[in-house]
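# Examining the three-dimensional arrangement
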Amino acid sequence: PLPWPRPGEPGACATWLHRALAMVVVACPCALVVAMPITYACGVSSLARWGVLVKSSRQLELLAAVRTLAMDKTGTLTEGRFRF
């Protein structure tokens, strides 16, 4: 038997992803330092395409912890336009 999972076996993708991440951390930890701001920028720009404005990456982190969101009946939070 092979000491590594073959493609298509259950758990093969997770195993190789874990190994790849371990290799990145060992080989070049600075890659993770560079990747974090890039992921925040991608998240903020992706939300902006959907019309959701996020002030900074800190608010993006807080948004990830939201369990319940209350909306008003005028749609101000959903559309971003005030109605009088």
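See the structure above.
So, a few notes on the structure that sits alongside this text.

## Some thoughts on the overall build of the protein chain
Within the protein chain one finds 4 helices and 0 strands. The helix and strand sequence of the protein chain, counted from the amino end, reads α-α-α-α. Expressed as a percentage of its 84 residues, the buried residues of the protein chain come to 7%. When the accessible surface of the protein chain is totalled, it reaches about 7,500 Å², and 70% of it is carbon and sulfur.

## With respect to helix α2 (residues 30-49)
For α2, built from 20 residues, the straight-helix expectation of 28 Å at 1.5 Å per residue is met to within 8% by its first-to-last C-alpha distance of 29 Å. In the segment just after α2, Gly51 is the residue with positive phi, at about 90°.

## Digging into the pattern of salt bridges
This model, assessed by the stated rule, comprises 1 salt bridge. In this structure, Arg58 and Glu61 form a salt bridge, with 3.5 Å as the shortest nitrogen-oxygen distance. In this pair, Arg58 and Glu61 are both assigned in helix α3 (residues 57-64), 3 residues apart and thus about one turn of the helix distant. Judged by relative accessible area, which is 38%, Glu61 ranks as partly exposed.

Conventions adopted
- Every chain is numbered independently, its residues counted from 1 as its sequence is written.
- Residues qualify for local features only when their pLDDT is at least 70, as the model is predicted, and side-chain atom pairs are given and counted only at 80 or more; totals for whole chains, interfaces and linings, by contrast, use all residues.
- Computation of side-chain values covers all heavy atoms of the structure but excludes hydrogens and water.
- Runs of E in the DSSP output that reach at least two residues are strands. Runs of H or I that reach at least four are helices, and both are numbered from the N terminus.
- Under the scheme applied here, a residue whose accessible area is under 20% of the maximum for its type counts as buried, over 50% as exposed, and between as partly exposed, the area being computed with a 1.4 Å probe on protein chains only.
- Residue exposure ignores everything except the shown protein chains as possible cover, and the areas themselves are Shrake-Rupley values with a 1.4 Å probe.
- Given a helix with a known number of residues, its expected span is that number minus one, times 1.5 Å.
- Salt bridge, as used here, is a side-chain nitrogen of Lys or Arg placed within 4 Å of a carboxyl oxygen of Asp or Glu.

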